[in-house]
Amino acid sequence: MNLDLLKSLKRKELLQQIGQLPQSTKNYIQNWQRPTKDEAIEWSKKMTKWGLITGIALLFVVVIFYQSVRFGAFGTLPSQTTLKNIENDVASEVYSVDGKLLGRYFLENRTDVAYDNIAPSLIDALISTEDERFYKHNGVDRWSLFRVLFKSILLRNKNTGGGSTLTQQLAKNLFPRQRHGLLSMPVNKCREAIIAKRLEKAYSKKEILTLYLNTVPFGEDVYGINVAAQRFLSTDVAHLNIEQSALLAGLLQSPTAYNPRTHPDRALFRRNIVFAQM
C-alpha cells in the first residue's frame, strides 16, 4: 500500500476517534501546546523532588513500623534466652523386651536427628532449593528480598519465590503467625525477620539447619526429616542417596502437591527441578 495513502487513512481514523470524544476533551486537544524546554526541565525537577520526598516518607514509615514490631507493639517476641532453650515435641516410642518397636504416641509425629546423622546430599539439596545464600546472610537476605520485590512488582513475575531465608522459615515454624487484621502479613514478616536475626546469634549455621530439618512439616502429620525419610522412603536419614535427598527437599515447597505416595508424577517432576538447582 502507498505510504501516503496509509498515512491518510490513519489520519482519517484518528479524526473519527477524536470526533467521538466529549467537547471538553476536544477543546483541550485543540488548545494543547507542546511545553518548552525550560518548562519540561522545571516539570522534571518537580517530579524528582516529590519522588524523593515520597521515598523518604515511605522509608520513615517502614522503619517506624519495623521498630514498633521489634519493641512488642504487636505482641511479645521471644528473647535470646527462650531461643537458646528450644525443645521440639517428639513422639514417645514403646519397645518390647527384645527391642521391637510396638507403638508411637505423639502430638506431633517427630523424632529428632543430629546434624552428623543427616546425609550431606540432603543439606546440599535443601540449601540449593530453599536458600542458596544461606552461609552468606545473618538471617535475612536483603539481596533476595530486593530481587523478589523487583521481579514481582516491577516485572510482574509471580514465580519469584517468597524471599524468606531458611532461618526465617524456621522462625515461622517455631512461632506460628498471628492475626493482626490488614496488617497481618507485614507484621508477621517483620516478626520472622527479627526472630531470624536472633536465631542466627544464638545458633551456628549447622545448628540452624538441624533445627529446621527437625521442625519442618512434610504433610501427613509428619514433622522432621527423620520421620519423613521413614514414611516416604522407608530408609534412615543418614543413608539417603542424592535422588532421595532431592525428592524430600522438593517436597518442602508443597507437601500435599508433591507427596510421592499420592502424586508420584508431580514428586518426580519436582525432584528433577531440585536436581537442576543443585
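Bear in mind the structure is a predicted one, so any value in this text is a computation, not a measurement. (Residues numbered from 1 in each chain as written. Predicted model: local features only at pLDDT ≥ 70, side-chain atom pairs only at ≥ 80, totals over all residues. Heavy atoms only, no water.)

## Some details on the overall build of the chain
Within the chain one finds twelve helices and four strands. In the chain, which comprises 278 residues, the share counted as buried stands at 32%. Of the contacts made within the chain by residues no fewer than 6 positions apart, 62% connect residues no fewer than 24 positions apart. With the model as given, the accessible surface of the chain reaches about 18300 Å², and the carbon-plus-sulfur share is 57%. (Helix = DSSP H or I, 4+ residues; strand = E, 2+ residues; numbered from the N terminus. Buried < 20%, exposed > 50% of the residue type's maximum accessible area, 1.4 Å probe, protein only. Contact = heavy atoms within 4.5 Å. Areas by Shrake-Rupley, 256 points an atom, 1.4 Å probe, with all protein chains shown as cover.)

## Details of the packing of aromatic side chains
Summed over the entire model, instances satisfying the criterion amount to two aromatic pairs. A centroid spacing of 5.6 Å and a plane angle of 55 degrees characterise the contact between Phe65 and Phe74, whose relative ring orientation is tilted. For Phe74, a relative accessible area of 22% corresponds to the partly exposed category. Ring centres 5.1 Å apart and planes at 75 degrees place the aromatic pair Phe134 and Tyr135 in the edge-to-face group. Positioned over the ring face of Tyr203 is Lys84, at 5.4 Å from the centre of the ring. A cation sits over an aromatic face here: Lys205 above Phe134, 4.3 Å from the ring centre. (Phe/Tyr/Trp six-rings, centres within 6.5 Å; stacked < 30°, edge-to-face > 60°. Lys NZ or Arg CZ within 6 Å of the ring centre and 35° of its normal.)

## Overview of the packing of helix 7 (residues 166–174) against helix 9 (residues 205–215)
At a minimum axis separation of 10 Å, helix 7 and helix 9 run at an interaxial angle of 45 degrees. The pairing of helix 7 with helix 9 is recorded here as oblique in orientation. The hand of the helix 7/helix 9 crossing is left-handed. Contacts between helix 7 and helix 9 pair Leu166, Thr167, Gln169, Leu170, Asn173 and Leu174 from the former with Ile208, Leu209, Leu211, Tyr212 and Thr215 from the latter. Of the residues belonging to the contact of helix 7 with helix 9, the class tally is seven nonpolar, four polar and no charged. (Axes fitted to C-alpha atoms, helices over the stretch in contact; angles between N-to-C directions. Parallel < 35°, antiparallel > 145°, perpendicular 65-115°, else oblique. Left-handed = near helix turned anticlockwise from the far one by under 90°. Nonpolar A, V, L, I, M, F, W, Y, C, P; charged D, E, K, R; others polar.)

## Brief notes about unusual backbone geometry
In this model, Asp221 sits at a positive phi of 60 degrees, which is unusual for a non-glycine residue. Topologically, Asp221 is positioned in the loop between strand 3 (217–219) and strand 4 (222–223). For Asp221, a relative accessible area of 40% translates into the label partly exposed. For Ser234, which is not glycine, the phi torsion reads 55 degrees and is therefore positive. Its location among the elements puts Ser234 in the loop between helix 10 (225–233) and helix 11 (242–251).

## A short note on the side chain of Thr167
Mapped onto the secondary structure, Thr167 falls in helix 7. You can call Thr167 buried: its relative accessible area is 0%. Within the local environment of Thr167, its side chain forms a polar contact with the side chain of Glu200, the two groups lying 2.7 Å apart. Excluding residues within four positions of it along the chain, Thr167 makes contact with Phe134, His137, Gly139, Ala196, Leu199, Glu200 and Ile208. (Polar contact = N/O pair within 3.5 Å; in protein donor to acceptor, adjacent residues only side chain to side chain.)

## Things to note about the side chain of His137
Mapping His137 onto the fold places it in the loop between helix 5 (120–130) and helix 6 (142–154). For His137, a relative accessible area of 8% gives the class buried. When residues no more than four places from it in sequence are discounted, the contact partners of His137 are Asp131, Thr165, Thr167, Glu200 and Lys205.

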